[in-house]
Amino acid sequence: MSYAEAKAKYASMRIDVEAAMDKLKNVPVSLHCWQGDDVRGFDTDPSKPLTGGIQTTGNYPGRARNPEELMADLDKVLTLIPGKPKMNLHASYAIFEEGQWADRDKLEPKHFAKWVAFCKAHNCGCDFNPTFFSHPMCDPLTLSSPNEETRKFWIDHGKACIRISSYLAEELGQPVIMNIWTGDGFKDIPADRMGPRVRYKDAIDEILSEPYDFANVKPCVESKVFGIGVEAYTVGSAEFALSYAAMNKEKCLPLMDNGHYHPTEVVSDKIPALLAFFPELALHVTRPIRWDSDHVVLFDDETKELCKEIVRCSGLDGRVDIALDYFDASINRISAWVVGYRNLQKALLFALLEPTETLQKMQNEGNFTELMVVMEELKTLPFGEIWDEYCRMCNVPVDGEWFAEVKEYENKILEERK
Ligand code: RNT
Ligand code: ZN
């Protein structure tokens, strides 16, 4: 089937494929830098363990070991993904000139100047994340620590990150989502569950007392159910993070990571629930397998469902800020990035090709029989042809044509990193 035939098939169901493609190609979706180096960053000893209850597994060759390698890998990735990518950095990816190392509480905008140049060269915006893990000042708690000195260090880190986010927003002319997540929690049953939460709340208040323009810097609070080594209790639980965001709507957003809930809970259903109260929310899209395993995002049912809810709730008109968040060290990392990003684009395009108004009318008229019939038939429309056309429109390879390039890059560049 040709693209023209596929387009006609969609048109017969009153679906405008061109409008869908035009919409998607202008929606920023964040590409996380941390897939390229197994979340190590550049500001601490690279042999140190990843802490905070997150884990990368696997040792596929070719991990980026410095800013040059990471940027080269990202350059490659950016030629293979359609849409409007936005970078997503962690504070631990600061780039220091010779002898200019600064600790996390002393980070400055200048430590991200090279990233600004990178984003400008790619004509993209940038999101940002304070890094409250993999650092000697994790005792192991950070913002919720009972130790005054620890907490102050991490509050100062958060404030420094607000200043860096303002700089990124100003330089790149796009809003910056600044996500606050800590792995603070306990392996076993704590005696005090409230103290750490009250301290965490006060610490976020202090961080957000650093001046910023909420239209350009959008701090978020990300919740989590549990992490490895912190199985019994998480300070920033769902209720904590959501309540914080709800009570501080004028200065921050809630962030949901779809790996951070009990295994039978789905974030797709939570999007419309939150949007009934919040004007805007942020997402981390990942793929949990039995736990927050951060596998590469697939074109699977829940990813499609998430994207349908984003589209149906006007999420693409500035109400939902979308970012990827996964890290797989067991396969080619460039491919991991590309597969996940392309899949999220696929799921968004697939969602945009739903005749939402027709379906909602059926629901409201109680016509559930036909609703089921049409929803099922939508699944086998010739989507592949539309997807290929979208890739061509974005000047990136269609399916079947990009992997050879990744293999070539692996043979030429990654194999040398031994
Ligand atoms: C961890 C959170 C968090 C991190 C990144 C690296 O469970 O999902 O968002 O993955 O900040
Ligand atoms: Zn996340």
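Quantities reported herein were computed from a predicted structural model and do not represent experimental measurements.

Undergrad: Quick question: what am I supposed to make of the coordination of the zinc ion (ligand 2) here?
TA: Metal coordination angles in their ideal form are 109.5 degrees for the four-donor tetrahedron and 90 or 180 degrees for the six-donor octahedron. Around the zinc ion (ligand 2), the protein supplies Glu222 (OE), Asp257 (OD), His284 (ND1) and Asp325 (OD) as donor atoms, at distances of 2.1 to 2.2 Å. Around the zinc ion (ligand 2), the six donor atoms sit at angles spanning 72 to 172 degrees, and that spread fits a shape best called octahedral. Positions of the donor residues of the zinc ion (ligand 2), expressed as sequence spacing, correspond to E-x34-D-x26-H-x40-D. Of the two residues, Asp257 sits in strand S8 (residues 253-257) while His284 sits in strand S9 (residues 281-285), which places them 27 residues apart along the sequence. The same class applies to Asp257 and to His284, which are both buried.

Undergrad: Would you take a moment to explain the site of ligand 1 for this structure?
TA: Taken together, Trp34, Ile54, His90, Trp181, Glu222, Lys224, Asp257, His260, His284, Asp292, Asp325 and Phe327 make up all the residues around ligand 1. Within the contact set of ligand 1, an oxygen atom lies 2.7 Å away from a side-chain nitrogen or oxygen of Glu222. Taking His284, its side chain carries an N or O atom lying 3.2 Å from an oxygen atom of ligand 1. For ligand 1, the accessible surface in isolation is 310 Å², of which the surrounding protein chains cover 99%. For ligand 1, the cavity whose grid points lie within 2 Å of the majority of its atoms is the largest cavity.

Undergrad: Honestly, the pairing of strand S4 (residues 176-180) in this entry has me stumped. Any pointers?
TA: A regular strand places its side chains on the two faces of the sheet in alternate fashion. For S4, a buried count of five out of five residues is recorded, marking the element as mostly surrounded by other parts of the structure. The sheet contact formed by S4 and strand S6 (residues 217-222) spans five bridges and is parallel. Residue Val176 lies in a different strand from S6, and its bridge partner there is Val217.

Undergrad: How should I be thinking about unusual backbone geometry in this particular structure?
TA: The peptide bond linking Asp139 to Pro140 adopts the cis configuration, its omega dihedral lying at 5 degrees. Mapped onto the elements of the fold, Pro140 is located in the loop between strand S3 (126-129) and helix H5 (148-172). Of note in this structure, Asn395 is not a glycine but carries a positive phi near 60 degrees. Checked against the element boundaries, Asn395 lands in the loop between helix H13 (383-393) and helix H14 (403-412). Owing to a relative accessible area of 67%, Asn395 belongs among the exposed residues under this scheme.

Undergrad: Is there a simple way to explain empty space enclosed by the protein in this structure?
TA: Which parts of space are left empty comes out when a probe the size of a water molecule is rolled across the atoms. According to the stated counting rule, one finds four cavities of 30 Å³ or more in the structure shown. The volume enclosed by the largest cavity comes to roughly 160 Å³. In this model, the second largest cavity occupies a volume close to 70 Å³. In this structure, the second largest cavity is lined by 14 residues; those nearest its centre are Asp127, Ile177, Leu255, His284 and Ala323.

Undergrad: Explain the pattern of salt bridges here, please?
TA: Two side chains carrying opposite charge are able to pair once their charged atoms lie near each other. This model, assessed by the stated rule, comprises 31 salt bridges. Between Lys106 and Asp105 there is a salt bridge; the shortest N-O distance is 3.3 Å. Residue Lys106 is classed as exposed on the basis of its relative accessible area, which comes to 53%. With a shortest N-O distance of 3.0 Å, Glu309 and Arg312 are connected by a salt bridge. Residue Glu309 and its partner Arg312 are both found in helix H9 (residues 301-312); the two are separated by three residues, about one turn of the helix. Residues participating in the shared-partner salt-bridge network are Arg65, Glu69, Asp73 and Arg417.

Undergrad: Which parts of the structure should I look at to understand the nonpolar core?
TA: The nonpolar side chains of a soluble globular protein tend to be buried, and buried together. Counting 128 residues, the largest nonpolar core has Met87, Trp115, Phe128 and Leu349 as its most contacted members. It is helix H10 (residues 333-352) that contributes the most residues to this core, twelve residues altogether. Apart from residues no more than four positions distant in its own chain, Trp115 is found in contact with Phe42, Leu70, Met71, Leu74, Met87, Leu89, Tyr93 and Ile95. Counting residues in hydrophobic clusters, the runner-up holds five residues, among them Ile177, Cys220, Leu255 and Ala282.

Undergrad: Would you mind going over the side chain of Asp43 with me for this structure?
TA: Among the structural elements, Asp43 can be located in the loop between strand S1 (28-32) and helix H3 (67-78). Engagement of the side chain of Asp43 in a polar contact is seen with the side chain of Arg104, the distance being 2.7 Å. The contacts of Asp43, once residues within four sequence positions are left out, are Ser92, Phe96, Trp101 and Arg104.

Undergrad: Could you clarify how one ought to interpret the pairing of S6 in this entry?
TA: For S6, the buried fraction is high: six of the six residues fall into the buried class. Note that S6 and S8 share three bridges and pair parallel. Across the sheet, Glu222 pairs through a bridge with Leu255, a residue of S8.

Undergrad: Please explain the state of the cysteines as it appears in this structure.
TA: Working definition: the covalent bond between the sulfur atoms of two cysteines is a disulfide. Going through the model one piece at a time under the given rule, you end up with zero disulfides. Here Cys124 is not disulfide-linked; the sulfur of Cys119 is the nearest cysteine sulfur, at 4.1 Å. Given a relative accessible area of 6%, Cys124 falls into the buried group.

About the criteria used
Residues numbered from 1 in each chain as written. Chains lettered and ligands numbered in written order. Predicted model: local features only at pLDDT ≥ 70, side-chain atom pairs only at ≥ 80, totals over all residues. Heavy atoms only, no water. Donors = N, O, S within 2.8 Å, 3.2 Å for Na, K, Ca; no water. Tetrahedral: all angles 85-135°; square planar, octahedral: opposite > 155°, others 65-115°. Helix = DSSP H or I, 4+ residues; strand = E, 2+ residues; numbered from the N terminus. Buried < 20%, exposed > 50% of the residue type's maximum accessible area, 1.4 Å probe, protein only. Near = heavy atom within 4 Å. Polar contact = N/O pair within 3.5 Å; in protein donor to acceptor, adjacent residues only side chain to side chain. Areas by Shrake-Rupley, 256 points an atom, 1.4 Å probe, with all protein chains shown as cover. 1 Å grid on protein atoms, 1.4 Å probe; cavity = no way out; pocket = protein on both sides within 12 Å on 5 of 7 lines; lining within 4 Å. Sits in = over half its atoms within 2 Å of the grid points. Pairing = 2+ DSSP bridges. Points joined across faces, edges and corners; volume = space filled by probe spheres on them. Salt bridge = Lys/Arg side-chain N within 4 Å of Asp/Glu carboxyl O. Core = buried A, V, L, I, M, F, W, Y, C linked by side-chain atoms within 4.5 Å. Contact = heavy atoms within 4.5 Å. Disulfide = S-S within 2.5 Å.

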